[in-house]
Amino acid sequence: MRPLKVLILEDNPFQLMVLHQMLNAFRIFDVVTAESVDSARDSLLRRGAMDVAICDLYMEGVSGLELINELAQKRSATALIILSAAAPQVVEMAARMARRQGLKVLGCLSKPVSMGGLGQLLDSYQSTRVIAGGIRAN
C-alpha cells in the first residue's frame, strides 16, 4: 500500500510541529505543513492532492473553512480531520458542510491534540482504504 500524503493547516508553529512529529511517529512521512491558507494552496499546487487534510478552522486572515471548501471542490483531499478549539456546534457545522461537499470527515480533534485521538482517526482512514483497495488487513 502506498504511503499516506497528509496536509496540516495550523497557524500555531508549535502545534504544527507537534502534529508533524505525531504523524512521523505513526510512520507517515509525506507531510505538507502550512501556517496559512495561501501557503496550503501553494503546496497543493506543487504537490497535488492529499489523502488526508488536517485543518484548523480559525486562522489569521482567511479561515480554514475556506480551504476545506476548496479541498472539496477541487478534489484536493480525500479525507478531512477538523482541528479546532471552537465551540462544538461550530465544529459540527464545518463537518456537515465538508460531508455535503463530498469530503470524508474522519472526525474532529480539539486542541491540544492527543496521540490517541489522532491515531484513531488515521486508523479509521487506513482501514477504509484497505477495504476499498480489496486488501485484507491482518
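All of the points below concern the structure found in this document.

Rules and cut-offs
Here, residues in each chain are numbered from 1, in the same order as that chain's written sequence. Selection of residues for local features in this predicted model requires a pLDDT of at least 70, selection of side-chain atom pairs for listing and counting requires 80 or more, and totals for whole chains, interfaces and linings are taken over all residues. Hydrogens and waters are ignored; side-chain quantities use all the structure's heavy atoms. Secondary structure elements follow DSSP: runs of H or I of four or more residues count as helices, runs of E of two or more count as strands, with numbering from the N terminus. What the globule rule says is 2.2 Å times the number of residues to the power 0.38, and the radius of gyration is computed from C-alpha atoms. Should any heavy atoms of two residues lie within 4.5 Å, those residues are counted as being in contact. For accessible areas, the Shrake-Rupley method is used with a probe of radius 1.4 Å. Any residue's cover is judged against the shown protein chains and nothing else. Counted as positive: Lys and Arg. Counted as negative: Asp and Glu. His and the chain ends are not counted at all. Every charge is mapped onto a representative atom, which is NZ of Lys, CZ of Arg, CG of Asp or CD of Glu. The rule for a salt bridge is simple: a side-chain nitrogen of Lys or Arg has to be within 4 Å of a carboxyl oxygen of Asp or Glu. To form a nonpolar core, buried Ala, Val, Leu, Ile, Met, Phe, Trp, Tyr and Cys residues must be joined to one another through side-chain atoms within 4.5 Å. Only protein chains enter the accessibility calculation, which uses a 1.4 Å probe. A residue is then buried if its area is under 20% of the maximum for its type, exposed if over 50%, and partly exposed in between. Criterion for a disulfide: a pair of cysteine sulfur atoms within 2.5 Å. Strand pairing is assigned whenever DSSP detects at least two bridges linking the two strands. Angles shown run from 0 to 180 degrees and are taken between the N-to-C directions of axes, each axis being a line fitted to C-alpha atoms and, for helices, limited to the stretch in contact. Expected helix span is given by 1.5 Å per residue-to-residue step, counting one fewer step than there are residues. This arc corresponds to the set of directions leading from the helix axis out to the C-beta atoms.

### Quick word on the overall build of the protein chain
The secondary structure content of the protein chain amounts to 5 helices and 5 strands. Starting at the N terminus and ending at the C terminus, the protein chain contains elements arranged as β-α-β-α-β-α-β-α-β-α. Relative to the globule expectation of 14 Å for 138 residues, the C-alpha radius of gyration of the protein chain, 14 Å, shows essentially globular dimensions. Overall size of the protein chain, expressed as C-alpha extent along the three principal axes, is 45 × 35 × 30 Å. Nonlocal contacts in the protein chain, meaning residues at least 24 apart in sequence, comprise 73% of its contacts between residues at least 6 apart. Working note: accessible area of the protein chain is about 7400 Å², and carbon and sulfur atoms make up 54% of it. For the protein chain, the centre of its 15 positive side-chain charges and the centre of its 13 negative side-chain charges are spaced 11 Å apart.

### Comments concerning the pattern of salt bridges
Pairing between side chains of opposite charge can happen when their charged atoms approach one another. Under the counting rule described, the total for this entry stands at 7 salt bridges. Between lysine 111 and aspartate 56 there is a salt bridge, with the nearest N and O atoms lying 2.8 Å from each other. In this pair, lysine 111 sits in the loop between strand S5 (104-109) and helix H5 (115-132) while aspartate 56 sits in strand S3 (residues 50-56), placing the two residues 55 residues apart along the sequence. Beyond isolated ion pairs, a larger network of salt bridges with shared partners links Asp38, Arg41, Glu66 and Glu70.

### Thoughts on the nonpolar core
With 27 residues, the main nonpolar core has Leu7, Leu67 and Leu80 as its most contacted residues. Per element, the largest residue contribution to this core is 5 residues, and it comes from helix H4 (residues 88-100). Within the second largest apolar cluster, 21 residues are counted, among which are Leu16, Leu23, Ile28 and Val113.

### Focus on the state of the cysteines
Applying the stated criterion across every chain, the model contains 0 disulfides. There is no disulfide at cysteine 55, and the cysteine sulfur nearest it, in cysteine 108, is 11 Å away.

### Here we look at the sheet that holds strand S4 (residues 77-83)
As a general point, the strands of a sheet are linked pairwise by backbone hydrogen bonds and lie either parallel or antiparallel. Read from one edge of the open sheet, 5 strands run S2-S1-S3-S4-S5, paired in parallel fashion. Two strands bound the open sheet, and with one partner strand each, they are strand S2 (30-34) and S5. Ignoring strand direction, the axes of neighbouring strands in this sheet form an average angle of 20 degrees. As judged from the 4 bridges shared by strand S1 (residues 5-9) and S3, these two strands associate in the parallel manner. The residue bridging valine 6 from the neighbouring strand is valine 52, located in S3. The strands touched by helix H1 (residues 13-25) within the sheet are S1, S2, S3 and S4, with S2 carrying the most contacts at an inclination of about 175 degrees.

### Considering H4
If you check H4, its first and last C-alpha atoms are 18 Å apart, about what 13 residues at 1.5 Å a residue would give, namely 18 Å. Considered for burial, the residues of H4 that qualify are Val91, Ala94, Ala95, Met97 and Ala98. For H4, the buried positions fall inside an angular range of 160 degrees around the axis, keeping them on one side. Facing away from the buried side of H4 by more than 90 degrees, the exposed set consists of Pro88, Gln89 and Arg100. Buried residues along H4 sit in contact with helix H3 (64-73), S4 and S5. The positive-phi residue at the C-terminal boundary of H4 is glycine 102, with phi of around 100 degrees.

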